[in-house]
Amino acid sequence: MSTPRLPATLALVAWTFLVWTTRINNIVADDSLDSGETAARLALSLSFTVLVVAVGWAYSKRAAWLRPATFALAGWTTAVWAVRAVGIAFADHDAAFIAVHLVLAVVSVAIAGLAVRELRAAPSPNPRQ
């Protein structure tokens, strides 16, 4: 039996990598942040980057921990965007900034949900799981 391709899982990895590594670049380039703000924002972005690397590695190896790693990434994505979306929506930002970030939130959470659903339906990538 061939192993499933898991397109939603790959989409979650690619999308999350794009969103949060772009955020890292924006943080580093922002001279208005003090060192504490920079560190906190980098920590959040790096938490996503670490999870993306873990899921990508597990996917490439079809490791037994692919499901829990993907569920962790999907859960973290959902939790962070739930908090950030509310904060951004009610903060003093212009409409375009709010709209872009709400779209990022909706797309991120939707892909996370699809990845979870996909992995729940897929046969185990490792018979020992």
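Our structure is the block above this text.
For every chain, the first residue of the written sequence is number 1, and numbering continues from 1 along that sequence. In keeping with the predicted nature of the model, local features appear solely for residues at pLDDT of at least 70, side-chain atom pairs appear and are counted solely at 80 or more, and the whole-chain, interface and lining totals rest on all residues. Hydrogen atoms and water are omitted, and side-chain values are computed over all heavy atoms in the structure.

A. Structural context of helix α1 (residues 7-29). Helix numbers and strand numbers start at the N terminus; a helix is a DSSP run of H or I with at least 4 residues, a strand a run of E with at least 2. A helix's residues, less one, multiplied by 1.5 Å, set its expected span. Across its 23 residues, α1 extends 33 Å between first and last C-alpha, which sits within 8% of the 33 Å expected from 1.5 Å per residue. Among the residues of α1, Ala 8, Thr 9, Leu 12, Val 13, Thr 16, Val 19, Trp 20, Ile 24 and Ile 27 are the ones counted as buried. Buried means the residue's accessible area, taken with a 1.4 Å probe over protein chains only, is under 20% of the maximum for its type, while exposed means over 50%, and partly exposed covers the values in between.

B. Representation of a negative patch on the surface. Taken together, the side chains of Asp 30, Asp 31, Asp 34 and Glu 37 make up a negatively charged region of the molecular surface. Structurally, Asp 34 can be placed in the loop between α1 and α2 (35-61). Note that patches include only residues with greater than 30% relative accessible area and no salt bridge, and the join distances are 9 Å for like charges and 5 Å for nonpolar side chains (Val, Leu, Ile, Met, Phe, Trp, Tyr). Where accessible areas are quoted, they stem from the Shrake-Rupley method and a 1.4 Å probe; at the residue level, only the protein chains shown are allowed to cover. Each salt bridge in this description consists of a side-chain nitrogen of Lys or Arg and a carboxyl oxygen of Asp or Glu lying within 4 Å of one another. In this tally Asp and Glu are treated as negative and Lys and Arg as positive; neither His nor the chain ends contributes. We put the charge of a Lys on NZ, of an Arg on CZ, of an Asp on CG and of a Glu on CD.

C. Looking closely at the environment of Phe 90. Mapped onto the secondary structure, Phe 90 falls in helix α3 (residues 66-90). The exposure class of Phe 90 is exposed, given its relative accessible area of 73%. Along the sequence, Phe 90 and Ala 121 sit 31 residues apart, while their C-alpha atoms lie 37 Å from each other.

D. How the structure looks around the environment of His 93. Counting through the fold element by element, His 93 comes out in the loop between α3 and α4 (95-121). For His 93, a relative accessible area of 34% translates into the label partly exposed. His 93 sits 26 residues away from Leu 119 along the chain, and the two C-alpha atoms are 37 Å apart. Ignoring any residue separated from it by four or fewer positions in sequence, one finds His 93 in contact with Ile 88 and Ile 98. Should any heavy atoms of two residues lie within 4.5 Å, those residues are considered in contact.

E. The layout of surface pockets, seen in detail. Both site types are read off a 1 Å grid over the protein atoms alone. A 1.4 Å probe that fits but cannot get out defines a cavity, while an open set with protein on both sides within 12 Å along at least five of seven lines defines a pocket; lining residues have an atom within 4 Å of a point. Grid points are joined across faces, edges and corners, and a volume is the space filled by probe spheres set on the points. Here the largest pocket is characterised by a volume of approximately 350 Å³. Arg 23, Arg 84, Ile 88, Phe 97 and His 101 are the residues nearest the centre of the largest pocket, which is lined by 14 residues in total. Contributions of two or more residues to the lining of the largest pocket are made by α1, α3 and α4. We call Asp, Glu, Lys and Arg charged. Ala, Val, Leu, Ile, Met, Phe, Trp, Tyr, Cys and Pro are nonpolar, and the rest, Gly among them, are polar. Within the lining of the largest pocket, the residues separate by chemical class into 7 nonpolar, 4 polar and 3 charged.

F. Main features of unusual backbone geometry. Its identity as a non-glycine residue notwithstanding, Leu 6 has a phi of 60°, on the positive side. Relative to the elements of secondary structure, Leu 6 occurs in the segment before α1. The class for Leu 6 is buried, based on a relative accessible area of 4%. Within the chain, Arg 62 stands out as a residue other than glycine whose phi angle is a positive 50°.

G. Geometry of the packing of aromatic side chains. What counts as a ring pair is set by centres within 6.5 Å for rings of Phe, Tyr and Trp (its six-membered ring), and what kind of pair is set by the plane angle: stacked under 30 degrees, edge-to-face over 60, tilted for all other angles. Tallied over the entire structure, the rule returns 3 aromatic pairs. Aromatic side chains Trp 20 and Phe 48 sit 4.3 Å apart centroid to centroid with 5° between the ring planes, which places their arrangement in the stacked category. Of this pair, Trp 20 sits in helix α1 while Phe 48 sits in helix α2, and the two are 28 residues apart along the sequence. The two residues Trp 20 and Phe 48 agree in class, both being buried. Joined through ring pairs, the aromatic side chains of Trp 20, Phe 48, Trp 76 and Trp 81 make up one cluster. Cation over ring: Lys 61 sits above Trp 57, and NZ or CZ is 4.9 Å from the ring centre. When the ring centre of Tyr 59 is taken as origin, the NZ or CZ atom of Arg 62, which lies over that ring, is 4.1 Å away. Should the NZ of a Lys or the CZ of an Arg lie within 6 Å of a ring centre and within 35 degrees of the ring normal, that charge is described as sitting over the ring.

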